[in-house]
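# Close look at the chain arrangement
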Amino acid sequence: TLFWLIKCFPQYEEYMSICRTHEYDKLQYQSKEIYNAKIAELNKTADSFMKQTGEKALVDLFKIMHAFISIDDIADFNKIAASLKQRNLSEADAAVFAALTAYSKKNYREARKNFLKSLEKDEKNIFKLTTLAEVYVYENNFYEASAIYEDLNKDSKNAYLAQYCESLVLNSLNADGEKACMEAIKKFPDNPFPLIYAGISHRERQNLKLAREFFEKANKVRQTEMGNICLAELSLMENKPDDAVRFFKESFDKSPSSQRAIVALAWTQIKIHDYVGALESFKKACLLNGRFEIEVRKAYKKVIEAKYSGSEGFMSLAKTCANR
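Now for a look at the structure at hand.

Rules used in this analysis
Residues numbered from 1 in each chain as written. Predicted model: local features only at pLDDT ≥ 70, side-chain atom pairs only at ≥ 80, totals over all residues. Heavy atoms only, no water. Helix = DSSP H or I, 4+ residues; strand = E, 2+ residues; numbered from the N terminus. Rg over C-alpha atoms; globule rule 2.2 N^0.38 Å. Buried < 20%, exposed > 50% of the residue type's maximum accessible area, 1.4 Å probe, protein only. Contact = heavy atoms within 4.5 Å. Salt bridge = Lys/Arg side-chain N within 4 Å of Asp/Glu carboxyl O. Disulfide = S-S within 2.5 Å.

### Here we look at the overall build of the protein
Counting its regular elements, the protein contains 18 helices and zero strands. Against the globule reference of 20 Å for 324 residues, the protein gives a C-alpha radius of gyration of 22 Å, in line with a compact fold. Along the first, second and third principal axes, the C-alpha set of the protein runs to 70 × 45 × 30 Å. Among the 324 residues that make up the protein, the fraction classed as buried is 49%. Considering only residue pairs separated by 6 or more positions, the protein has 56% of its internal contacts joining residues 24 or more positions apart.

Right under this line is the structure:
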């Protein structure tokens with residue numbers, strides 16, 4: 001039932017799932033007011049540290065640069081980077097700077113190489129280790145990421161249980177992942193993501209009833225785009241497309257930049273023959289990304305086969321979508 005989701009999001013093909021990551025719950029996908037306020041706060045702090053000298057101020061600037069990467073604000077990252085290029089950095093600091101610069105450009109191989117270099121004489125540095133773990137996750141090297149979080153948990157009273165839970169489940173170590181997630185749920189009761197990943201660990205083993213229980217508990221803790229995506233996808237696996245439509249809509253309402261939510265919603269509406277709703281959903285998808293012209297053209301073939309009288313609306317949308 002998920003063949004069209006796989007085609008839309010091929011990075012999840014191995015697991016036949018679009019519910020494995022929570023990128024659309026990050027700050028850059030929230031309201032402009034919240035996002036801009038965070039940028040202003042970071043810039044104000046950065047300006048303060050830029051006026052200071054010494055290792056501590058430099059470390060704090062590195063952390064702010066990482067924060068800018070995390071919220072996809074590369075313009076402000078580059079402003080700090082341009083200033084630091086004028087400084088005489090130590091070999092270790094130069095490696096961190098090079099690693100963050102590569103990370104900002106999504107050059108994960110180069111970022112990894114430089115973070116490892118910077119750790120050679122500073123192997124317990126938490127900032128470097130956690131950022132390296134993030135890079136490993138982007139490289140789909142979940143084994144190395146989980147190894148870092150496992151070691152960090154030993155020295156920090158399990159402060160990184162949520163990340164450990166996530167990396168284990170992403171690595172398809174579902175039994176170990178479930179155990180770590182259950183510990184994270186107890187330690188961080190206000191964090192919905194350990195609950196979601198516990199649900200994923202059960203879904204991967206076809207324990208759909210338990211998976212739903214965890215996803216629903218996560219939404220009770222806090223509604224997230226990912227939580228609703230997981231419930232929508234699970235509803236499709238249970239052959240409950242009307243429920244899937246509801247959850248995909250809630251997911252998109254939560255994060256109006258969620259491409260996976262709106263495209264999956266459109267295809268689910270095709271599945272239940274709500275062609276008017278599907279066309280509106282595809283229009284929203286095209287506003288987000290012109291590449292969805294391909295999906296609209298596929299949908300056009302489906303509505304033609306169904307002899308839908310408004311099928312030309314899909315072809316018209318495909319043409320305008322391609323021109324975005």
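### Looking at the pattern of salt bridges
Where charged atoms of side chains with opposite charge meet at close range, the side chains can pair. Inspection of every chain in the model, using the stated rule, returns 21 salt bridges. Between Asp-151 and Lys-154 there is a salt bridge whose closest N-O contact spans 3.9 Å. One end of the pair, Asp-151, and the other, Lys-154, are both in helix α8 (residues 142-155), three residues apart, so they sit about a helical turn from each other. The class of Lys-154 is exposed, set by a relative accessible area of 62%. Notably, a salt bridge pairs Lys-283 with Glu-280, separated by 3.2 Å at the nearest N-O pair. With a gap of three residues between them, Lys-283 and Glu-280 both fall in helix α16 (residues 275-288), about one helical turn apart.

### Thoughts on the state of the cysteines
Applying the stated criterion across every chain yields a total of three disulfides. Linked covalently through their sulfurs, Cys-19 and Cys-230 form a disulfide whose S-S length is 1.6 Å. For the disulfide bridge between Cys-19 and Cys-230, the dihedral angle about the S-S bond is near 65°, and by the sign convention the bridge is right-handed. Of this pair, Cys-19 sits in the loop between α1 (3-8) and α2 (32-50) while Cys-230 sits in helix α13 (residues 225-237), and the two are 211 residues apart along the sequence. Two residues, Cys-286 and Cys-321, share a disulfide whose sulfurs are 2.2 Å apart. Across the S-S bond linking Cys-286 and Cys-321, the dihedral sits near -100°, which makes this disulfide left-handed. Placement of Cys-286 in helix α16 and of Cys-321 in helix α18 (residues 312-322) is noted, with a sequence separation of 35 residues between them. Residue Cys-286 shares its accessibility class with Cys-321, and that shared class is buried. If the cysteines joined by disulfides in the protein are listed in sequence order, their pairing comes out as 1-4, 2-3, 5-6.

### Description of the environment of Lys-179
Among the structural elements, Lys-179 can be located in helix α10 (residues 174-187). When its relative accessible area of 57% is taken as the criterion, Lys-179 is described as exposed. C-alpha of Lys-179 to C-alpha of Leu-317: the two residues are 138 residues apart in sequence and 47 Å apart in space.

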